[in-house]
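If you want the building blocks of each chain, they are given just below.
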Amino acid sequence: MDVAPPQPVSQAGEITASPRDRLIEAATRLFCRYGVNSVGVDEIVAAAGTAKTTLYRLFRSKDGLVEAVLDCEGRAWRAWFLAEIDAAGGPALARLHRIGPALRLWFAREDFYGCPFINAVAESDKADHRMRSLAIAHKKVVLERLATLCGEAGLKEPNEVAHSLGLIIDGAIVAALVTGDPCVADTAGRSCAAILSQAKG
């Protein structure tokens, strides 16, 4: 999900975003669509309108920029997803039932390119745990919120239920990326509902 905001523009029509923000925005757009390994530093700085030395000064390396992009994308996605679940209020169980509809909104976007964390782990050296650690930290925040809602809903084994919901979310993201079909979210929603129903005991 490319959730980077548009670059602010001055009254004279000049871009006023900082070089750091421009680099992150450009890298996010390119990484999400083409993959981290398919995009070089030259393409990023050209898209951002900065010098290569600026990228290295701010992020030290392309890997540093990748980590900054994942941090920004993770925070933005979590804020959006959890807001979709929580914003309308209601009982905890009702919020959990909004997982499928929230995913469908995301999957239907033109800029849906899957989860940047899943994509980054898939592209990285499997012996390098750096990307895996970033992905786990991202997932932990989401799972903790889901577990809290499961507990508030009075479900049995709230942590276990939250992990089951997390597996459905991850599977749906990959399936939607592969098939290009937003309706995958509907199936995910039904699967979540079955798990929630069973956990009510």
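The following paragraphs examine the structure supplied in this document.

Parameters at a glance
Residues numbered from 1 in each chain as written. Predicted model: local features only at pLDDT ≥ 70, side-chain atom pairs only at ≥ 80, totals over all residues. Heavy atoms only, no water. Helix = DSSP H or I, 4+ residues; strand = E, 2+ residues; numbered from the N terminus. Buried < 20%, exposed > 50% of the residue type's maximum accessible area, 1.4 Å probe, protein only. Areas by Shrake-Rupley, 256 points an atom, 1.4 Å probe, with all protein chains shown as cover. Lys, Arg positive; Asp, Glu negative; His and termini not counted. Charge placed at Lys NZ, Arg CZ, Asp CG, Glu CD. Contact = heavy atoms within 4.5 Å. Salt bridge = Lys/Arg side-chain N within 4 Å of Asp/Glu carboxyl O. Polar contact = N/O pair within 3.5 Å; in protein donor to acceptor, adjacent residues only side chain to side chain. Core = buried A, V, L, I, M, F, W, Y, C linked by side-chain atoms within 4.5 Å.

### Some points on the overall build of the protein chain
Okay, so step 1: Along the protein chain, the regular secondary structure elements total ten helices and zero strands.
Okay, so step 2: Starting at the N terminus, the α and β elements of the protein chain follow one another as α-α-α-α-α-α-α-α-α-α.
Okay, so step 3: Considering only C-alpha atoms, the protein chain reaches an extent of 60 × 45 × 30 Å along its principal axes.
Okay, so step 4: Burial statistics for the protein chain: of 201 residues in total, 41% are counted as buried.
Okay, so step 5: For the protein chain, the accessible surface area stands at approximately 10,400 Å², while carbon and sulfur atoms represent 55% of it.
Okay, so step 6: Side-chain charges of the protein chain comprise 23 positive and 24 negative groups, with the mean position of each set lying 2 Å from the other.

### Some thoughts on the environment of His 97
Okay, so step 1: Along the chain, His 97 falls in the loop between α5 (92-96) and α6 (99-107).
Okay, so step 2: Looking at His 97, the relative accessible area reads 38%, which means it is partly exposed.
Okay, so step 3: Distance from His 97 to Gly 40, taken between C-alpha atoms, is 41 Å for residues 57 residues apart in sequence.
Okay, so step 4: Contacts of His 97, omitting those with residues within four sequence positions, involve Ala 193 and Leu 196.

### Remarks on the pattern of salt bridges
Okay, so step 1: Using the criterion set out here, one finds eleven salt bridges in the structure.
Okay, so step 2: Residue Glu 25 is joined to Arg 29 by a salt bridge in which the shortest nitrogen-to-oxygen separation is 3.0 Å. Residue Glu 25 and its partner Arg 29 are both found in helix α1 (residues 19-34); the two are separated by four residues, about one turn of the helix.
Okay, so step 3: A relative accessible area of 34% places Arg 29 in the partly exposed class.
Okay, so step 4: Here Asp 71 and Arg 75 are joined by a salt bridge, their closest N and O atoms 3.1 Å apart. Note that Asp 71 and Arg 75 are positioned in helix α4 (residues 62-86) at a spacing of four residues, about one turn of the helix.
Okay, so step 5: Salt bridges sharing partners connect three or more residues here, namely Asp 63, Glu 67, Asp 128 and Arg 130.

### Overview of the side chain of Arg 95
Okay, so step 1: Looking at the element boundaries, Arg 95 is found in helix α5.
Okay, so step 2: Judged by relative accessible area, which is 18%, Arg 95 ranks as buried.
Okay, so step 3: Reaching out from Arg 95, the side chain makes a polar contact with the side chain of Asp 86 at a distance of 3.3 Å.
Okay, so step 4: When residues no more than four places from it in sequence are discounted, the contact partners of Arg 95 are Ile 85, Asp 86, Gly 89, Gly 90, Arg 145 and Leu 149.

### Some words on the nonpolar core
Okay, so step 1: If you look at the biggest cluster of nonpolar residues, it comprises 57 residues, and the most contacted ones within it are Ile 44, Phe 81, Ile 99, Leu 103, Phe 107, Leu 146 and Leu 165.
Okay, so step 2: Ranked by residue count, the leading element in this core is α4, at nine residues.
Okay, so step 3: Other than its neighbours up to four places away in sequence, Phe 107 contacts Phe 112, Ala 172, Ile 173, Ala 176, Pro 182, Val 184 and Ala 185.

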